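Structural overview
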Amino acid sequence: MSQKISVMTNILEANDAWAEQNRALLQKKNIRMLNIIGSPGSGKTTLLERTADLLKGTVFFGVIEGDLATTKDAKRLQKKNVPVIQINTGTACHLDAHMVHQALQGLLKKQPKLQLIFVENIGNLVCPAEFDIGETAKIAVLSVTEGDDKIPKYPLLFSSCKALVITKLDLLRHTNFSVAAARKEYRKVNVSKKQYLLDSISGKGTAEWVSFVRSFVQEK
Amino acid sequence: MHEVSLVEGIIDVVNREKKRTRFKKVLTIEIGCGPYNCVSEESLQFYFDMAVRSTYLHGARLVVRRHLQQFHCRVCGTSFKGEIDPVCPVCKRSEDVDMSMDNSIRVTDLEVE
């Protein structure tokens with residue numbers, strides 16, 4: 001005879017426990033952590049390079065880079081004299097809270113005065129949205145070349161992010177991306193509705209984004 | 001791909017449950033999540049079957065049940081439940097809707113022998 005047992009246990013309990021540890025550590029040290037999530041090639045690293053230029057000298061910040069392989073992204077940011085820890089996940093499609101915990105310790109050794117950490121997650125709109133790493137907030141990055149239909153297609157990320165950054169604005173005229181359609185879809189799923197349209201290479205629109213980041217660091 | 005991590009979590013929960021409630025075999029594992037979670041039943045079952053080959057969990061069936069998400073209309077104040085792309089049942093608007101964020105994925109029930 002079979003019997004039914006009621007369990008109700010979160011299957012990401014182990015991950016979430018590490019995430020809570022990260023959150024407690026960040027809170028104790030008064031550090032903000034932004035979890036940057038977007039597709040491969042959406043311009044996450046280029047956004048961070050430009051952000052680094054604009055934040056330099058005003059905020060102590062560091063970067064945790066997540067990739068399956070290589071230290072290419074970490075090297076790009078090191079050129080900007082930003083303290084960086086690279087995580088290589090090998091085959092995993094997302095960063096988990098334990099990996100970030102270790103990287104966090106390493107980053108704190110490199111820069112004890114940290115106020116802000118950017119975590120560039122693995123390029124992927126699905127899995128990283130599902131795993132809490134203890135971040136203060138998630139930021140979704142979407143490039144105009146990916147299409148405005150990605151927001152309703154990947155609702156978990158776009159509904160749970162604190163802000164949306166639309167990148168590669170200079171390419172807009174070469175695509176059929178509709179900013180109005182993207183805004184409408186984003187408004188449907190996201191409560192904060194904060195969004196930034198920018199081009200990281202020319203710098204257009206990046207001042208608004210950086211001013212958001214600055215006020216985010218100061219937020220109590 | 002993140003199904004691998006989810007499967008590890010599921011096996012972990014069932015193993016712990018087995019220590020508390022002694023059972024020999026698991027027939028069904030019910031997973032509960034919201035409409036926004038990236039959980040595919042087929043894909044979960046595929047990785048699960050590979051992971052539990054020649055263990056007591058071999059043959060267990062995974063069932064994913066999606067509960068409805070709780071929404072709140074910012075225009076007329078109605079609270080209602082729905083899936084992705086909600087439309088307020090009262091004022092028929094779809095753009096001014098808040099939702100509660102419970103995105104946890106749980107093992108809700110086990111059918112065991």
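Before reading further, recall that the structure is shown in the block above.
Everything numeric in this text was worked out from a predicted model, so none of it was measured.

Parameters and conventions
Residues numbered from 1 in each chain as written. Chains lettered and ligands numbered in written order. Predicted model: local features only at pLDDT ≥ 70, side-chain atom pairs only at ≥ 80, totals over all residues. Heavy atoms only, no water. Phe/Tyr/Trp six-rings, centres within 6.5 Å; stacked < 30°, edge-to-face > 60°. Helix = DSSP H or I, 4+ residues; strand = E, 2+ residues; numbered from the N terminus. Buried < 20%, exposed > 50% of the residue type's maximum accessible area, 1.4 Å probe, protein only. Lys NZ or Arg CZ within 6 Å of the ring centre and 35° of its normal. Salt bridge = Lys/Arg side-chain N within 4 Å of Asp/Glu carboxyl O. Pairing = 2+ DSSP bridges. Axes fitted to C-alpha atoms, helices over the stretch in contact; angles between N-to-C directions. Contact = heavy atoms within 4.5 Å. 1 Å grid on protein atoms, 1.4 Å probe; cavity = no way out; pocket = protein on both sides within 12 Å on 5 of 7 lines; lining within 4 Å. Points joined across faces, edges and corners; volume = space filled by probe spheres on them. Nonpolar A, V, L, I, M, F, W, Y, C, P; charged D, E, K, R; others polar.

**Re the packing of aromatic side chains**
A full pass over the atoms with the stated rule returns 7 aromatic pairs over all chains. An angle of 65° between the planes, with centres 6.1 Å apart, marks the rings of Tyr-196 of chain A and Trp-209 of chain A as edge-to-face. Of the two residues, Tyr-196 of chain A sits in strand E8 (residues 195-197) while Trp-209 of chain A sits in helix H9 (residues 206-218), which places them 13 residues apart along the sequence. For Trp-209 of chain A, a relative accessible area of 0% translates into the label buried. Taken together, Tyr-196, Trp-209, Phe-212 and Phe-216 of chain A form an aromatic cluster joined through their ring pairs. Just above the ring of Phe-216 of chain A sits the side chain of Arg-32 of chain A; from NZ or CZ to the centre is 5.5 Å. When the ring centre of Tyr-56 of chain B is taken as reference, the NZ or CZ atom of Lys-18 of chain B above it lies at 4.7 Å.

**Topic: the pattern of salt bridges**
All names here are of chain A. A complete count under the given rule lists 15 salt bridges over all chains for this structure. For Arg-23, the salt bridge identified is with Glu-20, shortest N-O distance 2.8 Å. With Arg-23 and Glu-20 both in helix H1 (residues 13-28) and 3 residues apart, this pair spans about one turn of that helix. The exposure class assigned to Arg-23 is partly exposed, which follows from its relative accessible area of 25%.

**Digging into the sheet that holds strand E4 (residues 84-88) of chain A**
Residues and elements named next belong to chain A. Spatial strand order, E4-E3-E5-E2-E6-E7-E8: 7 strands in an open sheet with parallel pairing. Among the strands making up the open sheet, the edge pair consists of E4 and E8. For this sheet, the mean inter-axis angle between neighbouring strands, taken without regard to orientation, is 20°. Here strand E3 (residues 61-67) runs beside E4; their pairing, made up of 5 bridges, is parallel. Note that in E4 the partner of Val-63 across the bridge is Val-84. Strand contacts of helix H8 (residues 179-189): strand E7 (163-167) and E8, with the helix running at about 165° to E8, the strand carrying the most contacts.

**Structural notes on empty space enclosed by the protein**
Across all of its chains, the model carries 1 cavity of 30 Å³ or more by this definition. What lines the largest cavity is Lys-188, Val-189 and Val-191 of chain A together with Phe-71, Pro-86, Val-97, Asp-98 and Met-99 of chain B. When contributions to the lining of the largest cavity are tallied by element, the ones reaching two or more residues are H8 of chain A together with strand E5 (97-99) of chain B. Considering every element that reaches the lining of the largest cavity, the biggest residue donor is E5 of chain B, with 3 residues. Split into classes, the residues belonging to the lining of the largest cavity amount to 6 nonpolar, no polar and 2 charged.

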